[in-house]
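So the chains spell out like this:
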Amino acid sequence: MTACEKLVRCCECIRRFTDFKPKVTLVLGSGLGAFADEIKAEAIIDYSDIDGFPTSTVEGHKGRFVFGYIGAVPAVIMQGRVHYYEGYGIEDVVLPVRLTAMLGSEILFLTNASGGINPDFSAGDFMLINDHISSFAPNPLRGENIDILGTRFPDMSEVYKKELREVIKRSAAELNIPLKEGVYVQLMGPSFETPAEIRMLRTLGADAVGMSTVCEAIAANHAGMKVCGISCIANKAAGMTDNPLTHAEVQECADKAAPLFKKLIERSVSAMGGL
Ligand code: HPA
């Protein structure tokens, strides 16, 4: 089965459950999953109920679509995402996001937990993603182009749309939440980086590093979605402190930041209704 056929089949499968048309797709990263439990759901679909759908195996990531309203904005929340390091092909990693594009979603709002490379960043900071570096992860558009979604050689000069960044900045200011800004780089994982790799990434212009997000942003941009994203800095990157990195530390910091993060996301998505 081609990636396109698989998408069409998954789409038909979802349409048997619900005809909800989301405007915004919200991808919840580490520690943020509970946000989806707080909205009044119109429909919930477990990834495992969708034929051929990749299911996430990471601790702290449930795998389901929650359809409902954030403020007055129809949204689908991806509670749990699939990571490349779990062993899936890159086209499966981006399948959920592409699927939401096929359901009619126009905006992709990405969140994640990351390691801070910029020395001005501390654990618990939020970083508005203004660009990315994809060069260390496989490109999700590799292989036969899916013409029903987009063009073979998509422009990438403004993936993280200025109008969405402005909305997020305004929302953060209204809530008195300090917001950093910078470039996110995706590595394949699952091992964290070495100090030498972090020095390299800093030289290349990255401000935060993680194991997700960029491939989803590329696929969404290809499919004509407007993209934005916020990263929760969960730790200073390897070599920047004396402590070794653990998933538990990342999880703990993301959990602590979650209440503020949720407020910022809720306000921002609500304000995107008018776009
Ligand atoms: N590196 C990569 N991914 C991460 C990190 C990190 O330091 N923290 C949270 N996700």
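Quick summary incoming for the structure in this document.

Conventions we followed
- Residues numbered from 1 in each chain as written.
- Predicted model: local features only at pLDDT ≥ 70, side-chain atom pairs only at ≥ 80, totals over all residues.
- Heavy atoms only, no water.
- Helix = DSSP H or I, 4+ residues; strand = E, 2+ residues; numbered from the N terminus.
- Rg over C-alpha atoms; globule rule 2.2 N^0.38 Å.
- Buried < 20%, exposed > 50% of the residue type's maximum accessible area, 1.4 Å probe, protein only.
- Contact = heavy atoms within 4.5 Å.
- Areas by Shrake-Rupley, 256 points an atom, 1.4 Å probe, with all protein chains shown as cover.
- Lys, Arg positive; Asp, Glu negative; His and termini not counted.
- Charge placed at Lys NZ, Arg CZ, Asp CG, Glu CD.
- Near = heavy atom within 4 Å.
- Polar contact = N/O pair within 3.5 Å; in protein donor to acceptor, adjacent residues only side chain to side chain.
- Nonpolar A, V, L, I, M, F, W, Y, C, P; charged D, E, K, R; others polar.
- Pairing = 2+ DSSP bridges.
- Phe/Tyr/Trp six-rings, centres within 6.5 Å; stacked < 30°, edge-to-face > 60°.
- Axes fitted to C-alpha atoms, helices over the stretch in contact; angles between N-to-C directions.
- Parallel < 35°, antiparallel > 145°, perpendicular 65-115°, else oblique.
- Left-handed = near helix turned anticlockwise from the far one by under 90°.

In this section: the overall build of the protein. Along the protein, the regular secondary structure elements total 8 helices and 9 strands. Computed over C-alpha atoms, the radius of gyration of the protein comes to 17 Å, within 12% of the 19 Å expected from 2.2 N^0.38 for 275 residues, which places it in the range of a compact globule. Principal-axis analysis of the C-alpha atoms gives the protein an extent of 50 × 40 × 35 Å. Taken across its 275 residues, the protein has 56% of its residues classed as buried. Counting contacts in the protein only where the partners sit at least 6 residues apart, residues at least 24 apart contribute 83% of the total. Accessible surface, the protein as shown: approximately 11,600 Å² in total, 49% of it carbon and sulfur. Averaging the positions of the 27 positive and the 34 negative side-chain charges in the protein gives two centres separated by 4 Å.

It is worth spelling out the site of the ligand at this point. Near the ligand, the surroundings consist of Ala113, Ser114, Gly115, Phe192, Glu193, Val209, Gly210, Met211, Asn235, Leu245 and Val250. Measuring from a nitrogen atom of the ligand, one finds a side-chain N or O atom of Glu193 at 2.8 Å. Take Asn235: an N or O atom from its side chain is 2.7 Å from a nitrogen atom of the ligand. Grouping the constituent residues of the shell around the ligand by class yields 6 nonpolar, 4 polar and 1 charged.

The subject of this paragraph is the pairing of strand S6 (residues 126-133). Of all 8 residues making up S6, 6 are buried, and the element is well covered by its neighbours. The sheet contact formed by S6 and strand S9 (residues 226-236) spans 3 bridges and is antiparallel. Along S9, the bridge assignment pairs Phe126 with Cys232. Across 6 bridges, S6 lies against strand S7 (residues 180-186) in parallel orientation. Within the sheet, the bridge partner assigned to Ile129 lies in S7 and is Gly182.

What follows is about the packing of aromatic side chains. This model, assessed by the stated rule, comprises 7 aromatic pairs. By way of ring pairs, the aromatic residues Phe20, Tyr47, Phe53, Phe65, Phe67 and Tyr69 are connected into one cluster.

Time to look at the packing of helix H5 (residues 162-174) against helix H8 (residues 247-271). When two helices pack together, their arrangement is given by the angle between their axes and by how far apart the axes lie. Running from amino to carboxyl end, H5 crosses H8 at an angle of 130 degrees, the nearest separation of the two axes being 9 Å. Put simply, H5 runs oblique to H8. The way H5 lies across H8 gives a crossing that is right-handed. Contacts between H5 and H8 involve Val167, Ile168, Ser171, Ala172 and Glu174 on the former and, on the latter, Leu264, Arg267, Ser268 and Ala271.

On to the side chain of Lys23. Looking at the secondary structure, you find Lys23 in the loop between helix H1 (3-17) and strand S1 (24-28). For Lys23, a relative accessible area of 13% corresponds to the buried category. One polar contact links the side chain of Lys23 to the main-chain carbonyl oxygen of Leu275, over a distance of 2.7 Å. Not counting chain neighbours up to four residues away, the residues in contact with Lys23 comprise Val73, Pro74, Ser105, Glu106, Ile107, Met272, Gly273 and Leu275.

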